[in-house]
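Take a look at the letters that make up each chain.
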Amino acid sequence: MCMRMLSSLFALCAFAACSPAAETALAPTPPMGWNSWNHFACKVTAADVRGAANAIASNGMKEAGYVYVNVDDCWQGSRDEQGRIQPNKNFGDMKALADYVHSKGLKFGIYSSPGPETCAGFTGSYQHEEQDAQTYAEWGVDYLKYDWCSASQVYPVSQIREVYKKMHDALEKTRRPIVFSLCQYGWDLVWRWGKDVGGNLWRTTGDIQDRYESMANIGFGQAGLEAFAGPGHWNDPDMLEIGNGGMRHDEYITHMTLWCLLAAPLLAGNDLTRVTPEDQAILLNKEAIAVDQDPKGAQGHRVSAEGPLEVWAKPLSDGSVVVGLFSRAGTFPVKVSFKDIGFTGSVHVRDLWAHKDLGMAENEFTAQVPRHGAVMIRVWK
Ligand code: GLA
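Residue indices begin from 1 for each chain and proceed along its sequence in written order. For a predicted model such as this one, the threshold for reporting local features is a pLDDT of at least 70, and the threshold for listing and counting side-chain atom pairs is 80 or more; totals across whole chains, interfaces and linings nevertheless cover every residue. Each side-chain value is derived from all of the structure's non-hydrogen atoms; neither hydrogens nor water enter the calculation.

A. Fine view of the overall build of the chain. Numbering of helices and strands runs from the N terminus; a helix is a DSSP stretch of H or I covering at least four residues, while a strand is a stretch of E covering at least two. Across its full length, the chain holds 12 helices and 18 strands. Atoms counted for the radius of gyration: C-alpha only. Globule rule: 2.2 Å times the number of residues to the power 0.38. In terms of overall dimensions, the chain is globule-like: its C-alpha atoms have a radius of gyration of 21 Å, near the 21 Å expected for 381 residues. The principal-axis extent of the C-alpha atoms belonging to the chain is close to 70 × 55 × 40 Å. Of the roughly 15,400 Å² that the chain leaves accessible, carbon and sulfur atoms contribute 53%. Under the convention used here, Asp and Glu are negative, Lys and Arg are positive, and both His and the chain ends fall outside the count. Charge coordinates come from a single atom per side chain, which is NZ of Lys, CZ of Arg, CG of Asp or CD of Glu. For the chain, the distance from the average site of its 35 positive side-chain charges to the average site of its 44 negative ones is 3 Å. A 1.4 Å probe and the Shrake-Rupley method give the accessible areas. Residues count as covered only by the protein chains that appear here.

Here you go:
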């Protein structure tokens, strides 16, 4: 009986606005890839996007799980006589660009706004939602970031849920699987309803900047939101700044450690054609990525905070727990007590940045954490 019920559920899902199952299938683990905004902003061109796709396909990122190549704002031109959105001269042919990205075994993402204009003043989807969704599907789009921006000029914020649902339904009507990324800066406690309007991820904060304070305020500020993330629907503390040059090595280590513990989407935001081996190694740390992508889909939580010294933990599907030890101040010893993460007696400890087993430990583990830095360990019985 269960099997029959299950198969009719899947049949339904193929045709209708359905289901948690369909949404989970779109983003079973947090989406990974690249987005043009943090580095290129409005200077982005199709050539930059092709460059990013080439880099991902050849530098180990694709194998590590980075698959979405996402154009952010500033690709849009005007609408033609039928109202169909046209790319601007920096992009030319979006279908050709999507085909190119797909030819590399990657997926293609795009950006719009429910308002008349995007945040950078380009044409938004207002009153063209179904038409745009259809156009994206024809181009071969696999991911849409939908950014509130000027929507405040045409909708009261009280309608924000319906506005997002409208685009979700339009995407669903195309029958093409398209990841739906809500971007409205965490307004109206989006984590409480983002999933109900079909969001696969939703921004929980304003824009990240390539500075430690910005990244740390956003990342550590996610405490308490862990109840709202899980397979198919993720909190999004914004894209990565690793490799953009505004933070020191230890600060980028904190960025990656924290985002992986948070089960955050990992969207690199740097110029992938010019990346130092040091930054590349951070983005490519497979042990860290495995924490982010763990199939249990639990978002890590804050275990303790002694002023600026924080301890976070994320349970993994194999029963182990990954712990981040952070110093938001100077260099200090930071300690985790194993009872606080559900272990008694002696446990195995592995350092996920040094890629080294540290042997067995009893009761607690302490590491010297550099200023603004992080240590990430996996603990298991
Ligand atoms: C907003 C978003 C950013 C980016 C820009 C583009 O600020 O939050 O992530 O998409 O718009 O204009």
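B. Broad picture of helix H9 (residues 212–220). Only protein chains enter the accessibility calculation, which uses a 1.4 Å probe. A residue is then buried if its area is under 20% of the maximum for its type, exposed if over 50%, and partly exposed in between. Taking burial as the measure, the 9 residues of H9 include 7 buried ones, the bulk of the element. Any two residues whose heavy atoms approach within 4.5 Å are treated as being in contact. Along its buried surface, H9 packs onto helix H10 (249–261), strand E11 (301–306), strand E12 (309–315) and strand E13 (321–327).

C. Inspection of the site of the ligand at higher detail. All residues in the neighbourhood of the ligand are listed as Trp 37, Asp 72, Asp 73, Tyr 111, Cys 119, Ala 120, Lys 145, Asp 147, Cys 183, Tyr 185, Arg 203 and Asp 207. The definition of a polar contact used here is a pair of N or O atoms within 3.5 Å, where within protein one atom must be able to donate a hydrogen and the other to accept one, and adjacent residues in sequence count solely through side-chain atom pairs. Within the side chain of Asp 147, a nitrogen or oxygen atom sits 2.9 Å from an oxygen atom of the ligand. A distance of 2.5 Å is found between an oxygen atom of the ligand and a side-chain nitrogen or oxygen belonging to Asp 207. Split by residue class, the shell around the ligand holds 6 nonpolar, no polar and 6 charged. One heavy atom within 4 Å of a molecule or strand is enough for the residue carrying it to be called near that molecule or strand. Under the scheme applied, nonpolar residues are Ala, Val, Leu, Ile, Met, Phe, Trp, Tyr, Cys and Pro; charged residues are Asp, Glu, Lys and Arg; polar residues are all the others, including Gly.

D. Summary view of the environment of Glu 130. Its location among the elements puts Glu 130 in helix H7 (residues 129–139). As a C-alpha pair, Glu 130 and Arg 79 span 51 residues in sequence and 14 Å in three-dimensional space. Glu 130 has contacts with Ala 170 and Lys 173, leaving out every residue within four places of it along the chain.

E. Spatial organisation of the pattern of salt bridges. For this document, the term salt bridge refers to a Lys or Arg side-chain nitrogen within 4 Å of an Asp or Glu carboxyl oxygen. What the rule picks out here adds up to 20 salt bridges. We note a salt bridge from Arg 274 to Asp 271, for which the minimum N-O separation is 3.4 Å. Given a relative accessible area of 66%, Arg 274 falls into the exposed group. The exposure class assigned to Asp 271 is buried, which follows from its relative accessible area of 11%. A salt bridge links Asp 318 to Arg 378, with the shortest nitrogen-to-oxygen separation between them at 3.4 Å. Of the two residues, Asp 318 is situated in the loop between E12 and E13 and Arg 378 in strand E18 (residues 374–380); the sequence distance between them amounts to 60 residues. In this structure, a network of salt bridges that share partners links the residues Arg 203, Asp 207 and Asp 238.

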